[in-house]
Amino acid sequence: MNLSEIQQLDGAYMAETFSRFPVAIERGKGATLYDTDGKRYIDFGAGIAVNIFGANDERWKKAVIGQLDKIQHVSNLYYCEPQVRLAELLCDKSGAKRVFFANSGAEANECALKAARKYSFQKYGEGRAKIVSLKNSFHGRTLFTLTATGQDAFHKYFAPFAAEVDYSAPNMAEMRKVADVHTCAVIIECVQGESGVEALDKEFVKELRSYCTEKDILLICDEVQSGNGRTGKYFAYEHYGITPDIVTTAKGLGGGLPLVRVCFSIRRSIRCKRAITGSDVRRQSRVLCRGDQYRRTAGRSVFAGSSGKERISQGEAQRTAERRKGFGIGMMIGLEIDRDAKEIAQKCLEKGLLVLTAHSKVRIVPPLNITKTEIDEGLMILREVLSL
Ligand SMILES: *Cc1c(COP(=O)(O)O)cnc(C)c1O
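Residues numbered from 1 in each chain as written. Predicted model: local features only at pLDDT ≥ 70, side-chain atom pairs only at ≥ 80, totals over all residues. Heavy atoms only, no water.

Chemist: Can you walk me through the overall build of the protein chain in this structure?
Modeler: A tally of regular secondary structure across the protein chain gives twelve helices and 17 strands. Split into buried and exposed, the 388 residues of the protein chain put 53% on the buried side. Intrachain contacts of the protein chain at a sequence separation of at least 6 include 70% that bridge at least 24 residues. Carbon and sulfur atoms provide 53% of the accessible area of the protein chain, an area that totals close to 18,000 Å². (Helix = DSSP H or I, 4+ residues; strand = E, 2+ residues; numbered from the N terminus. Buried < 20%, exposed > 50% of the residue type's maximum accessible area, 1.4 Å probe, protein only. Contact = heavy atoms within 4.5 Å. Areas by Shrake-Rupley, 256 points an atom, 1.4 Å probe, with all protein chains shown as cover.)

Chemist: Would you mind showing me how to read a nonpolar patch on the surface here?
Modeler: On the surface, Met1, Ile6, Leu9 and Tyr13 cluster together into a nonpolar patch covering about 470 Å² of accessible area. Position of Leu9 among the secondary structure elements: in helix H1 (residues 3-13). On the basis of relative accessible area, Leu9 is assigned to the partly exposed category, the value being 42%. (Patch = residues over 30% accessible without salt bridge, like charges linked within 9 Å, V, L, I, M, F, W, Y side chains within 5 Å. Salt bridge = Lys/Arg side-chain N within 4 Å of Asp/Glu carboxyl O.)

Chemist: Just checking my understanding: could you explain the site of the ligand for this structure?
Modeler: Inspection of the region around the ligand gives 13 residues, with Gly105, Ala106, Asp222, Gln225 and Lys251 positioned closest. In the environment of the ligand, an oxygen atom lies 2.8 Å from a nitrogen or oxygen atom belonging to the side chain of Gln225. The dominant element in the shell around the ligand, judged by the number of residues it contributes, is helix H5 (residues 105-124), at three residues. (Near = heavy atom within 4 Å. Polar contact = N/O pair within 3.5 Å; in protein donor to acceptor, adjacent residues only side chain to side chain.)

Chemist: Quick question: what am I supposed to make of the pairing of strand E7 (residues 183-188) here?
Modeler: In summary, the side chains of a regular strand alternate between the two faces of the sheet. Buried residues dominate E7, accounting for six of its six residues. As defined by bridge partners, strand E5 (residues 130-134) adjoins E7 across four bridges and the pair is classed as parallel. Each bridged residue has a counterpart across the sheet, and for Ser133 the counterpart in E7 is Ile187. Sheet topology note: the E7/strand E10 (residues 218-222) ladder contains four bridges and is parallel. Paired with Ile188 across the two strands is Cys221, which belongs to E10. (Pairing = 2+ DSSP bridges.)

Chemist: Just checking my understanding: could you explain unusual backbone geometry for this structure?
Modeler: When glycine is set aside, most residues are seen to have a negative phi, and most peptide bonds are trans. The residue after Ala159, namely Pro160, is reached through a cis peptide bond having omega 0°. Looking at the element boundaries, Pro160 is found in the loop between helix H6 (143-148) and strand E6 (165-168). Residues other than glycine seldom take positive phi values, yet Ala49 does so here, at roughly 60°. One can find Ala49 in helix H2 (residues 46-49). According to the relative accessible area criterion, Ala49 is buried, its value standing at 1%. Positioned with a positive phi, Asn136 is a non-glycine residue whose angle comes to about 70°. Mapped onto the fold, Asn136 is located in the loop between E5 and H6. Take Asn136: its relative accessible area is 37%, and that puts it in the partly exposed class.

Chemist: I would appreciate a short explanation of helix H12 (residues 372-386) in the present structure.
Modeler: The α-helix winds at 3.6 residues per turn, so residues separated by three or four positions along the chain end up facing the same way. When the terminal C-alpha atoms of H12 are compared, their 21 Å separation across 15 residues agrees well with the 21 Å that a helix rising 1.5 Å per residue should span. Every buried residue belonging to H12 is among Glu374, Ile375, Gly378, Leu379, Ile381, Leu382 and Val385, and all of these are buried. Buried residues of H12, seen end-on, are gathered within an arc of 160° and therefore sit on one face of the element. (Expected span 1.5 Å × (residues − 1). Arc of directions from axis to C-beta.)

Chemist: Would you take a moment to explain the sheet that holds strand E1 (residues 25-29) for this structure?
Modeler: Adjacent strands of a sheet pair through backbone hydrogen bonds, lying either parallel or antiparallel. One open sheet holds the four strands; their spatial order is E1-E2-E3-E15, and the pairing between them is mixed. The outermost strands of the open sheet, each flanked by one partner alone, are E1 and strand E15 (353-354). The strands that H12 touches are E1, strand E2 (32-35), strand E3 (40-43) and E15; relative to E3, the one it contacts most, it runs at about 100°. (Axes fitted to C-alpha atoms, helices over the stretch in contact; angles between N-to-C directions.)

Below you can see the structure in the form of structure tokens.
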């Protein structure tokens, strides 16, 4: 099908929820993609920070196909080796005690919020169900996580919302007022993705951690976008020297398959009730066990620049970002520009570069194994567009 045929079917049958760029991506290799006309693009978006190995990665494919050759799904009624191996691996990485598998980032957050309410109810009884999130946060599109998303734009049309969610600016003066005796959990993104790649202030996060501990409020870190090596550490909270009570992650964890989303608890043993959501992770979680081996190698070379001259180092990414008035950590970069970000994204696309936007910023979250050559090519296009 060519673009206009695809657009026609999309217009006729798809729900009108997203405005799309006039391009149909068909295939790719690494961070180089092609549309249905054969036009080539450098990919600075990786889906939306999802395809961390880029397109069509050989080792990732081998792992996925290897599992598909065996079985695609095992229900919660039976044990499954790939699932428990992945759980062990995630606990090893994070110091978490237990893992719960779901199917999307929103579900992982939903589970985390429910777990926090349950923890509080069992310990203190009623009257302590309030969830506090940050203004400008993004936590998902289910009704509960949408409520916890601190942006009015997402709330239009969908009231009434789950009760007892409140929002605070990322400063302790306001937080102390909002997160009161009725509060069971505070949920944060250490690096806010959707609202412009804003890394939270280190002191604020540290103080929030102590405050939550003091009040026995659970601190939930939403690492759906910032986790899995994106920022140069496995989780972004590691840059802050804190340990959350619950961590959620998704996006990059499946490398592009919507198969594993997790919520896990650290420090306290909060037992999430199993089998609330079908844990389809069993299907292919072995993929990730193998994938992790690869991720570690790729991650090291990308961020440390130690092996392979063609990989970019974290320092280099950082310097590049700073030069362009960028904010963010590692491969999660938001560029502050004085022009309309959507217009920049459109112009980049025309010249063969895919970038994302986040509020007023241009957001760059490429595959973690993007090559130096691809980065240089992408940056050249970006430079060209910005100086138009
Ligand atoms: C994308 C995202 C979510 C939602 O994840 P889905 O898998 O799309 O449900 C939640 N939190 C953050 C920080 C995200 O970036």
